Amino acid sequence: MHSARSGLIGFLLLGWIVAATLSCTARASNGDLVGGASDIEIIGSEGDGPLQFDRPRAIAVAADGMFWVADMTGRIQSIGADGRHRLSISLPETNLGKPTGLTIDRDGNLLVAETHYARISRYSLDGELLDQWGESGKGPGQFILITGLGVDREGNIYVTEQGDRNDRVQKLDSTGKFILTFGSFGEEPGQFRRPSAIVCDDEGNVYVADTVNHRIQKFDGSGSLLKIWGGIGEAPGQFRYPYGITLGPDGILYTCEFQNNRIQAFTLDGQPLGAFGRVGSEPGEFLTPKGIAATPDGGLLVADTNNDRVQRIRADFWKKGS
């Protein structure tokens, strides 16, 4: 499998090594969040068996630390907080494409963005399909390509969507009933270009990884724009394709960047707190990460996509050097 992708990975490494070097320089001047290899656990390897991955791209964590990982095999694996494989869900339809978004609802169930099938599926923690809704289209409650899912304190579900210039966010209730939509395709404030992930805070605010606009946008629960930060680059507070976003129990917002191969940490008002990562395959290095999720103890799990693995970064890691 790796041999089929060796040309792509070689191109990525050559094309982004300069950006990665600049990123390291920027981190050093911005209060680098430092740690060692003992603070990072590598979970999984390339393959299609238990605890193996083919380009993992989405990750979600339950309240007890158990987590789910979706990859390009069309499987979603459940892994215990101890790092052991629990079970796998094989989605019934994957020929059109694989899921790109996962989250946990207020009842502890798994929500899956079946991206290319214009629907959301809900599974129990035992892998039983509980519910499913959605259809193709641009109307309320319809979807083109679903990319990310977030759940607010009331159980409402926020959906990022892209494709056919239908880039927007929809807000649904916990049963999938349409409430409202906001955003459109474009570069202006409140517009999106390939929004890829979304997360909600305890105050009801919503944060969107506006990926191709290289920024984060913050909204209230009614879709009113509150804050924008970012812009293309490698400096602190800048991005190159932020694909993943998560909120830690410490109130820190984390993003992972597909092209800068790093994690950045922010206050909820967008003030950069530090960054970590560079291109590579050693612990703490990344190759086009697409997913990130905070653990209940304040650590992080990163879907290290083209390294075919998950990296677990312990909570203490983020406290060092801060």
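Residues numbered from 1 in each chain as written. Predicted model: local features only at pLDDT ≥ 70, side-chain atom pairs only at ≥ 80, totals over all residues. Heavy atoms only, no water.

Quick word on the packing of aromatic side chains
Then, number 1: One pass over the structure, following the stated rule, counts five aromatic pairs.
Then, number 2: Note on Phe182 and Phe219: the rings are 4.8 Å apart at their centroids and 45° apart in plane angle, and the pair reads as tilted. In this pair, Phe182 is assigned in strand S17 (residues 178–182) and Phe219 in strand S20 (residues 215–219), connecting sequence segments 37 residues apart.
Then, number 3: A relative accessible area of 7% means that Phe182 is categorised as buried.
Then, number 4: Between the aromatic rings of Tyr243 and Phe258, the centroid separation amounts to 5.2 Å while the plane-to-plane angle is 45°, which identifies the pairing as tilted. With Tyr243 in strand S22 (residues 242–247) and Phe258 in the loop between strand S23 (253–257) and strand S24 (262–266), the pair connects residues that are 15 residues apart, well separated along the chain. (Phe/Tyr/Trp six-rings, centres within 6.5 Å; stacked < 30°, edge-to-face > 60°. Helix = DSSP H or I, 4+ residues; strand = E, 2+ residues; numbered from the N terminus. Buried < 20%, exposed > 50% of the residue type's maximum accessible area, 1.4 Å probe, protein only.)

Regarding the sheet that holds S23
Then, number 1: Read across the sheet, four strands follow the order S22-S23-S24-S25 without closing on themselves; strand pairing throughout is antiparallel. Two strands bound the open sheet, and with one partner strand each, they are S22 and strand S25 (272–276). Strand-to-strand, the axes of this sheet are offset by a mean angle of 20°, without reference to chain direction.
Then, number 2: Looking at chain direction, S23 and S24 are connected through five bridges and run antiparallel. Counterpart to Thr255 in the pairing with S24 is Gln264. (Pairing = 2+ DSSP bridges. Axes fitted to C-alpha atoms, helices over the stretch in contact; angles between N-to-C directions.)

Here's the deal with unusual backbone geometry
Then, number 1: The phi dihedral of Asp164 is positive, around 55°, even though this residue is not glycine.
Then, number 2: Position of Asp164 among the secondary structure elements: in the loop between strand S15 (157–162) and strand S16 (168–172).
Then, number 3: Of note, Thr288 is a non-glycine position whose phi angle comes to about 55°, a positive value.
Then, number 4: By the element assignment, Thr288 lies in the loop between S25 and strand S26 (291–294).

Quick word on the nonpolar core
One broad trend across soluble globular proteins is that nonpolar side chains are buried collectively.
Then, number 1: Counting residues in each nonpolar core, the largest one holds 15 residues, and the members touching the most others are Trp68, Ile76, Ile89, Leu102, Leu110 and Val112.
Then, number 2: Those elements that provide at least two residues to this core are strand S4 (58–61), strand S5 (67–70), strand S7 (85–90), strand S8 (101–104) and strand S9 (110–114).
Then, number 3: Not counting the four nearest positions on each side in its chain, Val112 is found in contact with Ile76, Leu91, Pro99, Gly101, Leu102, Arg119, Ile120, Ser121, Tyr123 and Leu149. (Core = buried A, V, L, I, M, F, W, Y, C linked by side-chain atoms within 4.5 Å. Contact = heavy atoms within 4.5 Å.)

Observations concerning the pattern of salt bridges
Then, number 1: What the rule picks out here adds up to 17 salt bridges.
Then, number 2: Close ionic contact of Arg215 with Asp210 constitutes a salt bridge, the shortest N to O distance being 2.7 Å. Like Asp210, Arg215 is buried.
Then, number 3: One salt-bridge network, in which partners are shared between bridges, spans Glu93, Glu114 and Arg119. (Salt bridge = Lys/Arg side-chain N within 4 Å of Asp/Glu carboxyl O.)

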